[in-house]
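Structure assessment
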Amino acid sequence: MIEVPTETAIQEPQRIRGLEMPWNRVMGSTGGPARAAHALGPWHPQEFMAECVETVPEVGGMMTFVFRRSDGAPLAFRAGQYVNIAFPVNGEDQDPVDRSYSLSSSPTQPWTFNITVKRDATGLVSPWVHENVKPGTVLEMLGPVGAFHLPDADRRARYLLLAAGAGITPIMSMVRTIHSLPGQADVVVLYHGAEAGGYAFHQELAYIASVDSRVKVFYSLGDRSKPEGWEWLTGRLTAAMLDEVAPDANGRQVYACGPEGYLNTATELLGKVGVDDTSIHMEFFTGDRQTILEYQAELALAADIAEEIAEEIADSAEDYYESQPTAFGLYEPGYDAEGTLKAAGLPLETVDPDALGPAAPDGSSEVGPEAGSPDASSFDTVGTGSLTLSFMRTGINVRIDPAEHILGVAQRAGVRIGANCKEGMCGSCKVVKLSGEVEMNHQGGIRAREIDAGKFLPCCSTARTDLVIDA
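Now for a quick tour of the structure. Treat the numbers as computed from the prediction; the structure is a model and nothing was measured.

This part takes up the overall build of the protein. The helix and strand inventory of the protein stands at eleven helices and 24 strands. When burial is assessed residue by residue, the protein has 51% of its 471 residues classed as buried. Considering only contacts within the protein whose residues lie at least 6 apart along the sequence, 69% involve residues at least 24 apart. As displayed, the protein has an accessible area near 21,800 Å², and 51% of this comes from carbon and sulfur atoms.

Listed below in structure tokens is the structure:
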């Protein structure tokens, strides 16, 4: 039996300054990188098939699913990003249901990757995933996507990571990544949960905090009563709590993920303790404008350091869509004493049917109704603009300018289209374009085969010609 001296002083490891992701130098290389190194760089999202190789039960009603790509390639991603997965919930002969889940594993171990799914008994997808995805299950995926992630290089590497509930998944990816890398870092994690035994990854977090002096982890029970033996924090997020766990928060980069209300509170409180807006990175699943700006900045930087980096995609959304109805944000027409208002916010106007023009031979611009379908020229027309959107199911024409996004204009005119993120991520507003042309700038919410089949995302699309839409 080996006796360990109790008084032995443990010296801190000597480390290089800051953190650098393994692929960073490959991205900046002027010469042609080796094939293996090239494959490990998160260059752009891809469509691929992946096989489940392991399932790991977690506390709090969560399950981790370990996957590997069917083609044998590594999955290159940044810590905090997510993948969009097509689940055959309604059977193999029906269209799959897409959901986006954050990657909870570290990109420094890219040959397998994890997603962690919280089961929602009222959800459509998460119960199916828990019951049906097992080792050997193969699913279609698209990724990596998302601008919520750690930087490729950071000379200071001082972070405050905030998580609530299932928002721990991308934060866990960040913690695992930092722990796996050499370099100086100072990381504080504050994890809010609903019950003392419901903190996913708590054993691993405790281990990392015990062996890696760069990482400190704190827990809070939110507004729940303090159970016997609880030694951590209680109460919802406050400025005082931030000061307690990270009195130097205004000198850190903050990454936060969780429900929208939690993130709104965090944004307000971080401002009160002096954290600049440019240092706050939020996982707003409903589409955060700051994340879009970060995404655009990343594209500009990527263009300078590697021509091969295509689109990086904003916002990440792990299981948020399970906690919201599919039609979250669905437009509901207004009502008055006389009944439904057909077009709230847009004035009705009479349009000469001849102004819509005859159907073009190629069906690309001057469109007419298909045989056996309603005649769009008989529909009421609302709005003003140079182009016409004919919604065949709703029975209305909407005039639109080429610069306007189709979804907002259509919803204000009373066209019922479901929408969650409204940024081209989640795919919930997907509709079929019967004819006409659009310009679509999506962020991973639609696959190439769906585009080939005539589908598009009106939330991130503008009209290039007159359109006929199956909505």
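Here we take up unusual backbone geometry. At the junction of glycine 143 and proline 144, the peptide bond is cis and its omega measures out at 0° in the coordinates. Summarising the element assignment, proline 144 is placed in strand E7 (residues 138-145). Unusually for a residue other than glycine, alanine 157 sits at a positive phi of about 50°. Inspection of the secondary structure assignment puts alanine 157 in the loop between strand E8 (153-154) and strand E9 (158-164). Although it is not a glycine, phenylalanine 201 sits at a positive phi angle of roughly 70°. As for its placement among the helices and strands, phenylalanine 201 is situated in the loop between strand E10 (186-192) and helix H5 (202-211).

Once that is clear, we can look at the nonpolar core. Counting 35 residues, the largest nonpolar core has Tyr159, Leu161 and Ile171 as its most contacted members. For this core, the secondary-structure elements that each account for two or more residues are E9, helix H4 (168-180), E10, H5, strand E11 (215-220) and strand E12 (253-257). Examining the composition of this core, we find that six residues originate from one element, H4, more than from any other. Setting aside its immediate chain neighbours within four residues, leucine 161 contacts Ile171, Met174, Val175, Val187, Val188, Val189, Leu190 and Tyr255. Ranked by size, the runner-up nonpolar core spans 27 residues in total, among them Val382, Leu407, Ala463 and Leu467.

It is worth spelling out the sheet that holds E10 at this point. What the five strands build is an open sheet, ordered E11-E10-E9-E12-E13; its pairing is parallel. One side of each edge strand has no neighbouring strand; the edge strands of this open sheet are E11 and strand E13 (280-283). Taking the axes of each pair of neighbouring strands and ignoring which way they run, one obtains an average angle of 15° across the sheet. As paired strands, E9 and E12 are joined by five bridges and run parallel to one another.

For strand E2 (residues 46-57) and E7, the ladder comprises six bridges, and the chain directions are antiparallel. Considered in E7, the bridge of glutamate 51 is made with valine 138. Both E2 and strand E3 (residues 62-69) contribute to a ladder of seven bridges, which runs antiparallel. By the bridge assignment for E3, glutamate 51 is matched with arginine 68. Connecting the antiparallel pair E2 and E3 is a turn made up of four residues, with glycine 60 showing a positive phi of about 75°.

Relative orientation of the contacting elements H4 and H5 amounts to 30°, with a least axis distance of 11 Å. If you check the angle between H4 and H5, you find them roughly parallel. Taken as a pair, H4 and H5 cross one another with a handedness that is left-handed. The residues of H5 that touch H4, namely those facing Met172, Val175, Arg176 and His179, are Glu204, Leu205, Ile208 and Val211. Its residues placed into classes, the contact of H4 with H5 shows five nonpolar, one polar and two charged.

With that settled, the discussion passes to the sheet that holds strand E4 (residues 82-87). As summarised here, the arrangement of the six strands in space is E5-E4-E7-E2-E3-E6, forming an open sheet in which the pairing is antiparallel. Edge strands, defined here as strands with exactly one partner in the open sheet, are strand E5 (97-102) and strand E6 (113-118). The sheet shows a mean angle of 40° between the axes of neighbouring strands, taken without regard to direction.

What follows covers the packing of aromatic side chains. One pass over the structure, following the stated rule, counts twelve aromatic pairs. Plain terms: the ring middles of phenylalanine 87 and tyrosine 101 are 6.0 Å apart, the flat faces sit at 80° to each other, and that makes the pair edge-to-face. Note that phenylalanine 87 is positioned in strand E4 and tyrosine 101 in strand E5, a separation of 14 residues in sequence. The pair phenylalanine 87 / tyrosine 101 is uniform in exposure class, with both members buried. Aromatic side chains phenylalanine 218 and tryptophan 232 sit 6.3 Å apart centroid to centroid with 85° between the ring planes, which places their arrangement in the edge-to-face category. Residue phenylalanine 218 is found in strand E11, and its partner tryptophan 232 is found in the loop between E11 and helix H6 (239-245); the two are separated by 14 residues along the sequence. Relative accessible area serves as the criterion here: at 21%, phenylalanine 218 is assigned to the partly exposed category. Judged by relative accessible area, tryptophan 232 falls into the partly exposed class, the value being 39%. Three or more aromatic residues joined by ring pairs make a cluster, and in this case those are Tyr191, Tyr199, Phe218, Tyr219, Trp230 and Trp232.

Within this structure, the stated rule accounts for 18 salt bridges. Linking glutamate 204 and arginine 176 is a salt bridge whose minimum nitrogen-to-oxygen distance equals 2.6 Å. One end of the pair, glutamate 204, is in helix H5; the other, arginine 176, is in helix H4, with 28 residues separating them in the sequence. Judged by its relative accessible area of 29%, glutamate 204 is partly exposed. When its relative accessible area of 15% is taken as the criterion, arginine 176 is described as buried. Here aspartate 470 makes a salt bridge to arginine 393, at a shortest N to O gap of 2.7 Å.

Looking now at the pairing of E3. Most of E3 sits inside the fold, with seven of its eight residues counted as buried. Summarising the sheet, E3 and E6 pair through six bridges and their orientation is antiparallel. Note on E6: the bridge partner recorded for threonine 64 is threonine 116.

Cut-off values and rules
Residues numbered from 1 in each chain as written. Predicted model: local features only at pLDDT ≥ 70, side-chain atom pairs only at ≥ 80, totals over all residues. Heavy atoms only, no water. Helix = DSSP H or I, 4+ residues; strand = E, 2+ residues; numbered from the N terminus. Buried < 20%, exposed > 50% of the residue type's maximum accessible area, 1.4 Å probe, protein only. Contact = heavy atoms within 4.5 Å. Areas by Shrake-Rupley, 256 points an atom, 1.4 Å probe, with all protein chains shown as cover. Core = buried A, V, L, I, M, F, W, Y, C linked by side-chain atoms within 4.5 Å. Pairing = 2+ DSSP bridges. Axes fitted to C-alpha atoms, helices over the stretch in contact; angles between N-to-C directions. Parallel < 35°, antiparallel > 145°, perpendicular 65-115°, else oblique. Left-handed = near helix turned anticlockwise from the far one by under 90°. Nonpolar A, V, L, I, M, F, W, Y, C, P; charged D, E, K, R; others polar. Phe/Tyr/Trp six-rings, centres within 6.5 Å; stacked < 30°, edge-to-face > 60°. Salt bridge = Lys/Arg side-chain N within 4 Å of Asp/Glu carboxyl O.

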